[in-house]
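Secondary and tertiary structure notes
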Amino acid sequence: MNETEQRVAELNQLLHEYGYAYYVLDKPIVPDAVYDELLHELIALEKANPSLIYPDSPTQRVGGAVLEGFQKVTHQYPMLSLSNAFDEGDLRDFDRKIRQAIGDNFSYVCELKIDGLAISLRYENGVFVQGATRGDGSVGEDITANLKTIRAIPLRLKEPVTIEVRGEAYMPKKSFESLNAARAQRGEELFANPRNAAAGSLRQLDPKIAASRNLSTFIYSIGGDGEAYGIDSHGEMLDYLQELGFPSNRERQACATVEDVLAFITKWTEERPNLPYEIDGIVIKVNRFSHQDELGFTAKSPRWAIAYKFPAEEVVTKLLHIDLTVGRTGVITPTAILEPVQVAGTTVGRASLHNEDLIREKDIRIGDKVIIRKAGDIIPEVVGVILDQRPEHTEPYKMPEHCIACDSDLIRIEGEVALRCVNPACPAQIAEGIKHFVSRNAMNVDGLGEKVVEQLLRERYIANAADLYLLQVEQLVQLDRMGQKSATNLVEALEKSKENSLERLLFGLGIRHVGEKAAKILAEQYETMDALMAATNTELTNIHEIGDKMADSIVAYFDNEEVKLLIQRLQGVGVNMTYKGKKVVVEAGANPFAGKTIVLTGKLAQLTRNEAKAKIEELGGTVSGSVSKKTDLLIAGEDAGSKLDKAQSLGIEIWDENRLIEQLQQ
Ligand code: IVH
């Protein structure tokens, strides 16, 4: 080793050590300035000698280019979730069942439930090679580049082990506050809470963004069999993870009884506000692996652990008045306008009142002191009224009888709680429909905010979505606060949106009950607007995910003359009406399914047909409905009939379901 090589190795070693002390142990051993100086020295040496850049060098945390999308990762061991306990009763039930199964000679480990997002990290011979989100538990997304930017995640372990670990990535409260303050200053949308901010940061395709967000992490388990590492309890596992260099949360406690567990919960309910990161509950786990094995798993979660969830924070404020809006489908939604108040990390000035029934049931009156909380920790809602603080002379709230936008009679459709304006020409509904049409998950037209849409309608530049595509720069510049540049950009954005794949248009049209997911399924299935418009009710309900209500709504929608005209006009201005989604191309031979034509027949016991089909397609196979010379493989479930006979006579390879599952898991 020459001198430079030696120095580079030394700098790597020192920076790993200092970084570990700072980010994992939270106990810096050198001043920041020393760390920075050494880092800059390493950067300079690496720049002059690129061959000396170690893949796990501390300079390589923000490497790589902006990604085009995230690759899918099939987890080697499924990432399960925990069942929840909401009160003492649930916890006592959990405890009782455990004692029934394994007796009284055991203990729990209680841990904080970190409010972030679950991650899985894979190390090969001690080097971090891949990090993924939970996804649906079996397939997640590869977010390695973003996770590398989290300094608490070791790039190299203290021992050269091959291991998969699980933990929670989170945004500390301080980072969240400064991020939101900076966003507010730039007029950008704020994150609702640290969890959303952490998830949003790790979902960025440019790792530089994640790097700027100051995320951190706690690792709480090994994926797969802990016993393979010579340990036999959860507590020992946490110690081992710590020895390997992982950040593990210190605030854990062994508890012998459910009383001890409840005391731990009480303690952290009180101390929760003083922690530098958000927690949303306490996780309780049976300690010994032999006991865990005895208890086993349900389909979704282990029987040996449970998550106690803290109740949502509730605060009291004053109801100033009730705002009414007309939605895209004519539903009148009342919103409580409140004296601004802090709830679970953000200031709340509005809360949903859902509908007239809720207002009546809770007898919510203007001027009342109301209790507010965030449902699912995100959407503020009114829980109830403090009756003994009600001011004098208040009146029960009455919803209007006429639409606030077009004055037509409001009606209540049988079986629905909502009050509706059914005038299809109601300007508020049209405006909301167009806002939805251009919104990010629909046609995604940049620069066409709510105010611009409202002005375009008011000035009669547009009357429907198709008119948007006829807008000229010269017209747009006449709108308030619309310069030449924004007008040109807007016309370009509209032009670009014409190329969108069919599912965006379908979602944008706002067909009742057709959300984003259904729009995607319809587009994939029918491929063109014409084909979908010709679809019958029976045909639609034959699609697994489409129910009667949605099928009825789709057929009725396309049966409407005005809709037909709108589609014609959209087609006329050049809006794409076909599905452009690409099937994933997996190279033939990459796995037993890639490039093969496969037929499923008979009853499958462990997978549904759709699941099997989806898995095969994901691996690059094509699933066909009938056996022919072109068929490569037949999967025969129980009671397979004529297709099996035909495949046999054609000499086609035949597998049973077990073989299929075995191969899918490879
Ligand atoms: S143990 C088998 N421990 O809470 C699942 N989970 O459903 C094992 N979480 O999204 C999970 N802190 O990511 C465990 N100390 C902790 C945790 C924790 C947060 C998250 C986890 C999952 C959810 C549980």
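Quick note: structure is the one above.
Source: prediction; values computed, not measured. (Residues numbered from 1 in each chain as written. Predicted model: local features only at pLDDT ≥ 70, side-chain atom pairs only at ≥ 80, totals over all residues. Heavy atoms only, no water.)

Some remarks on the overall build of the protein
What the protein contains, in helices and strands, is 24 helices and 22 strands. Considering only C-alpha atoms, the protein reaches an extent of 85 × 80 × 65 Å along its principal axes. For the protein, the residues scored as buried account for 45% of the 666 residues in total. A fraction of 66% describes how many contacts in the protein between residues 6 or more apart in sequence connect residues 24 or more apart. Summed over all atoms, the accessible surface of the protein reaches about 34,900 Å², with 49% contributed by carbon and sulfur. Charge-centre separation for the protein: the mean point of 76 positive side chains lies 2 Å from the mean point of 100 negative side chains. (Helix = DSSP H or I, 4+ residues; strand = E, 2+ residues; numbered from the N terminus. Buried < 20%, exposed > 50% of the residue type's maximum accessible area, 1.4 Å probe, protein only. Contact = heavy atoms within 4.5 Å. Areas by Shrake-Rupley, 256 points an atom, 1.4 Å probe, with all protein chains shown as cover. Lys, Arg positive; Asp, Glu negative; His and termini not counted. Charge placed at Lys NZ, Arg CZ, Asp CG, Glu CD.)

Quick look at the sheet that holds strand E20 (residues 622-624)
Taken in spatial order, the four strands make up an open sheet running E20-E19-E21-E22, and their pairing is parallel. This sheet does not close on itself; its edge strands, each paired only once, are E20 and strand E22 (653-655). Neighbouring strand axes in the sheet, compared pairwise and without regard to direction, differ in orientation by 30° on average. Bridging between strand E21 (residues 633-636) and E22 involves three bridges; their strand directions are parallel. Across the sheet, residue Leu-633 finds its bridge partner in E22, namely Glu-653. In the packing of helix H22 (residues 609-618) onto the sheet, the strands contacted are strand E19 (597-601) and E20, and the crossing angle to E19 comes to about 170°. (Pairing = 2+ DSSP bridges. Axes fitted to C-alpha atoms, helices over the stretch in contact; angles between N-to-C directions.)

Overview of the sheet that holds strand E5 (residues 127-133)
To summarise the sheet geometry, strands pair through backbone hydrogen bonds and adopt either a parallel or an antiparallel arrangement. Here four strands make up an open sheet; going across it, the order is E5-E4-E7-E8 and the pairing antiparallel. Looking along the sheet, the strands with just one partner apiece sit at the ends: E5 and strand E8 (216-222). Taking each pair of neighbouring strands and ignoring which way they run, the sheet shows an average axis angle of 30°. Where strand E4 (residues 117-124) lies against strand E7 (residues 163-170), seven bridges are found, and the strand directions are antiparallel. Residue pairing in the sheet places Leu-117 in a bridge with Ala-169 of E7. Along the sheet, helix H8 (residues 234-244) makes contact with E7 and E8, crossing E8 at roughly 130°.

Some points on the packing of helix H1 (residues 3-24) against helix H2 (residues 32-48)
At a minimum axis separation of 10 Å, H1 and H2 run at an interaxial angle of 145°. At the point where H1 passes H2, the crossing takes the left-handed sense. Residue-level inspection shows Thr-4, Arg-7, Val-8, Leu-11, Asn-12, Leu-14, Leu-15, Tyr-18, Gly-19 and Tyr-22 of H1 in contact with H2, the latter providing Asp-32, Tyr-35, Leu-38, Leu-39, Glu-41, Leu-42 and Leu-45. (Left-handed = near helix turned anticlockwise from the far one by under 90°.)

Topic: the pairing of strand E13 (residues 332-343)
Relative to E13, strand E12 (residues 314-326) runs antiparallel, the two being bridged by seven bridges. Bridge pairing links Leu-319 to Leu-338 in E13. The turn joining E12 and E13, which pair antiparallel and follow one another in sequence, is formed by five residues; a positive phi near 90° is taken by Gly-330. The pairing of E13 with strand E14 (residues 346-352) spans six bridges and is antiparallel. Along E14, the bridge assignment pairs Ala-336 with Ala-351.

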